[in-house]
Amino acid sequence: MSKKEGMSKKEGMSKKGRPRTERRVRERAARQLVRDRQKLASLERGGSPDHPIDVTSTAVIPVRARGTPCPLCDGSLRLDEETAEMHAGKRLRAAHLTCVSCGVARRLWFEVSSPLAN
Ligand SMILES: [Zn+2]
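Structure report, in brief.

Reading guide: rules and limits
- Residues numbered from 1 in each chain as written.
- Predicted model: local features only at pLDDT ≥ 70, side-chain atom pairs only at ≥ 80, totals over all residues.
- Helix = DSSP H or I, 4+ residues; strand = E, 2+ residues; numbered from the N terminus.
- Buried ≥ 20, exposed ≤ 12 C-beta atoms within 10 Å, placed from the backbone.
- Contact = placed C-beta atoms within 7 Å.
- Pairing = 2+ DSSP bridges.
- Axes fitted to C-alpha atoms, helices over the stretch in contact; angles between N-to-C directions.
- Core = buried A, V, L, I, M, F, W, Y, C linked by C-beta atoms within 7 Å.

Before going further, it helps to spend a moment on the overall build of the protein chain. Scanning the protein chain for helices and strands turns up two helices and four strands. Order of helices (α) and strands (β) in the protein chain, N terminus to C terminus: α-β-α-β-β-β. Within the protein chain, the fraction of its 118 residues that count as buried is 13%. Considering only intrachain contacts with a sequence separation of at least 6, the fraction spanning at least 24 residues in the protein chain is 49%.

See below:
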């Protein structure tokens, strides 16, 4: 007579827990919030080429750009690059920014109005 030992012990069979959908719903809500805040930010002055921030000199662009908080986490933005862009026949400057806290990329738009034009 042989005694069989070590019959497969199954421990910790699937614990009854909450389905993951709850977490997924929360994540989706968080993503939606991010989208909303980004949308809101694009409506602010400087958030899109249609609503550029008026400045009198390109020299103030880095100052204004860095003084603008991240729309998502209120962290400070790092100015990566500044480019000249044309939009609807206007010459604009775009500041390419990255949030140092959450890493989101943002662009701020400026229109340089020369005081000599008046
Ligand atoms: Zn951020």
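Right, let's talk about the pairing of strand S2 (residues 77-87) for a bit. Within S2, only one of the eleven residues are buried, leaving the element largely exposed. Relative to strand S3 (residues 90-99), S2 is paired through ten bridges, and the arrangement is antiparallel. Residue pairing for S3: Thr 83 is matched across the bridge by Ala 94. Counting the residues that bridge the hairpin from S2 to S3 gives two residues, and of these Ala 88 lies at a positive phi of roughly 50°.

The subject of this paragraph is the sheet that holds strand S1 (residues 53-55). Across the sheet, four strands lie side by side as S1-S4-S3-S2; this open sheet has mixed pairing. Either end of the sheet is taken by a strand with one partner, and the two such strands are S1 and S2. Averaged over all adjacent pairs, the angle separating strand axes in this sheet is 35°, with direction ignored. Here S3 pairs with strand S4 (residues 105-112) via seven bridges, running antiparallel. Bridge pairing in S4 links Ala 94 to Trp 109.

Turning to the nonpolar core, a few remarks are in order. Of all hydrophobic cores here, the largest spans ten residues; its members are Ile 53, Ala 65, Cys 70, Leu 77, Ala 94, Ala 95, Leu 97, Leu 108, Trp 109 and Phe 110. For this core, the secondary-structure elements that each account for two or more residues are S3 and S4. Sequence-distant contacts of Ala 94, that is, excluding residues within four places in its chain, are made with Thr 83, Glu 85, Arg 107 and Trp 109.

In this structure, Asp 74 takes a positive phi of about 65° despite not being glycine. Mapped onto the fold, Asp 74 is located in the loop between helix H2 (61-66) and S2. Asp 74 gets classed as exposed once you count the C-beta atoms within 10 Å, which come to 10. A positive phi angle, close to 50°, is found at Ala 88, a residue other than glycine.

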